[in-house]
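Commentary on secondary and tertiary structure
Listed below, chain by chain, are the residues.
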Amino acid sequence: MTKATVGDHLLERLRAWGVSHVFGYPGDGVNGLLAAWARAGDDPRFIQARHEEMAAFEAVGQAKFSGHVGVCVATSGPGAVHLLNGLYDAKLDHVPVVAIVGQTARSAMGGSYQQEVDLHSLFKDVASAYLETVTVPEQLPNVLDRAVRTAYARRAPTALIVPADVQDLPYSPPGHAHKMVPSSLDVSGWAPVPDDDSLARAAALLDEGERVALLIGQGAAGAAREVEEVAELLGAGVAKALLGKDALSDELPYVTGSIGLLGTRPSYELMRDCDTLLTVGSNFPYSEFLPPYGQARAVQIDIDPHMVGLRYPYEVNLVGDAAATLRRLLPLLTRKEDRGWRRSVEDGVRRWKTVMDRRAGLAADPLNPEHVARALDPLLPDDVMISADSGSVATWYARHLTMRPGMRGSLSGTLSTMGCAVPYAIGAKFAHPDRPAVALVGDGAMQMNGLAELITVAKYAGEWTDPRLVVAVWNNQDLNQVSWELRALGGAPPFEASQSLPDVPYADFARSLGMTGIRVTDPDRVESAWREALAADGPSVLDFRTDPAVPPIPPHATWDQIEATLASLTHGDGHRGHVVVQGLKAKAQDLLPRGPGGR
């Protein structure tokens, strides 16, 4: 019997770690691994992306929606370079991903050989948590185990470089000898908690507050019940960072929704008016949306001691698992009997929902992008997995979609890279093939790489128990987020040469791949198009022709600020822009919430 190679043992070790899929693209730098995959009967399953960046995004998507490590593979040289953007997405959003990368043969290294890149220099930042090159077979179990274990422990990408010739070497395990490093697979579950003194100090601070606000992020996932109990005891409102949008149900009347520039008015008011802040599992970076310094006393809970104490002058920093820490904190808290603050928070949430309905109902040319998102909201299945791309579509995702228990959602929260939504959805489908997925994409991101990755969807859709994967394109022929940033921040009309996009027949392309494809230009057709896609027996692409002149209004904006921003539409956007401005002025009462800080 032929002796197992390093490539054979690498795949065996991945199987032992429970890795079911590896996302990648072939190349001669990983030929030894590909041969091992053939001998292993494609176990773990090799999922062929159209581009290595997409393979990395798919690994991130699978990790985000499953909670397990995602794995991607690429050849040497250009393949390795292409992984970087997806791996940086994992690094900045704290997602466990392992990259396995080929390298030129050891005998050629240092000789300016074809596709020879200094991979340690290339990956030393993105994979700073753990990066190693396998040079002899005896290294393999230890470095692979450490790459996986570190990815889980640090919630970060790690990378393993395996030269092409090493992949084909006969495997031999580390021996019981000097300078040999053995390894093991097992990792126990752990839920660290802070000490009793720190918990007591946190409870005393929270009890003293009269207007308590909670801010939760993705670190609060799995702690929904505990967050609800704390919010009930303290009479608090709860705002959510975008990465924590699915950590708590939006149906709770005191949940104010997303926070930040893409967030909601009640979240802005919650932070503006509170006197006490409890942050759970979030490192939301924009401190201008947190309470003014000196106004609020604050407590933070985070599992990573490296990340506590950032963003705000917290008085107590509790290092621990969110659910376990809150369970220990709850018995120390005193129920607040005065519910005036809670009522004001809930009033603000109700006002905002009315405003969102009105904004979605405004006429546009041809479709109001907010109406497209609003029409989807009540139709979403209870077990849906939603991915949103970067751009103005992220605003509509943040403000219009109501997360209910069981629903999952994510986006590129910190890197905010374009082009992640479709590969995220693919990764999610491999994590949970029995659940529907919906990807919300701008036309810029769709043209960047989403169109090509529809081919991957078509290639694998027949393997999913629930074949539904809906890709919805907000087609406004404009790089809309940047266009509005130019108007609002630069005080100038967009530079058309950089912003204008061609009108691509997305639905036609989908149909050419055997998918359902629907183009929508009539507002009365929006809801039925969503229903048709969600009822289809396979993947669907919806091409919504939306109006680029509908502004993603900041949550803290006044009407004067909105009017000044919209005025830029008449300075280079032509007659149509002037008409839009006049129409929005006429409906000003529908753009801002009533009440303190509104109109």
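Below is a short write-up of the structure. (Residues numbered from 1 in each chain as written. Predicted model: local features only at pLDDT ≥ 70, side-chain atom pairs only at ≥ 80, totals over all residues. Heavy atoms only, no water.)

Moving on, we come to the pattern of salt bridges. Counted according to the given criterion, the structure contains 35 salt bridges. The partner of aspartate 93 in a salt bridge is lysine 64, with the nearest N and O atoms 2.8 Å apart. Placement of the pair is aspartate 93 in helix H5 (residues 84-93) and lysine 64 in helix H3 (residues 52-66), with a sequence separation of 29 residues. Since its relative accessible area comes to 0%, aspartate 93 is described here as buried. Residue lysine 64 is classed as buried on the basis of its relative accessible area of 11%. A salt bridge links arginine 374 to aspartate 357, with the nearest nitrogen and oxygen atoms 2.8 Å apart. Of the two residues, arginine 374 is situated in helix H14 (residues 369-376) and aspartate 357 in helix H13 (residues 340-361); the sequence distance between them amounts to 17 residues. (Salt bridge = Lys/Arg side-chain N within 4 Å of Asp/Glu carboxyl O. Helix = DSSP H or I, 4+ residues; strand = E, 2+ residues; numbered from the N terminus. Buried < 20%, exposed > 50% of the residue type's maximum accessible area, 1.4 Å probe, protein only.)

This part takes up the pairing of strand E1 (residues 21-24). What you see with E1 is no split at all: His21 and Phe23 on one side and Val22 and Gly24 on the other are buried throughout. The sheet contact formed by E1 and strand E2 (residues 45-48) spans four bridges and is parallel. Within E2, the position partnered with histidine 21 by the bridge is arginine 45. Regarding topology, helix H2 (residues 31-39) serves as the crossover connection from E1 to the parallel E2, and that connection is right-handed. (Pairing = 2+ DSSP bridges. Right-handed = clockwise from strand over helix to strand, strands pointing away.)

A few words on the packing of H14 against helix H21 (residues 526-534). Interaxial distance between H14 and H21 falls to 9 Å at its minimum, and their mutual angle equals 45 degrees. The angle between the axes of H14 and H21 places the two elements in the oblique class. Crossing of H14 over H21 shows right-handed handedness. The segment H14 lies against H21, with His371, Val372, Ala375 and Leu376 engaging Val526, Glu527, Trp530 and Leu534. Considering only residue class, the contact of H14 with H21 consists of six nonpolar, one polar and one charged. (Axes fitted to C-alpha atoms, helices over the stretch in contact; angles between N-to-C directions. Parallel < 35°, antiparallel > 145°, perpendicular 65-115°, else oblique. Left-handed = near helix turned anticlockwise from the far one by under 90°. Contact = heavy atoms within 4.5 Å. Nonpolar A, V, L, I, M, F, W, Y, C, P; charged D, E, K, R; others polar.)

Geometry only, nothing functional implied.
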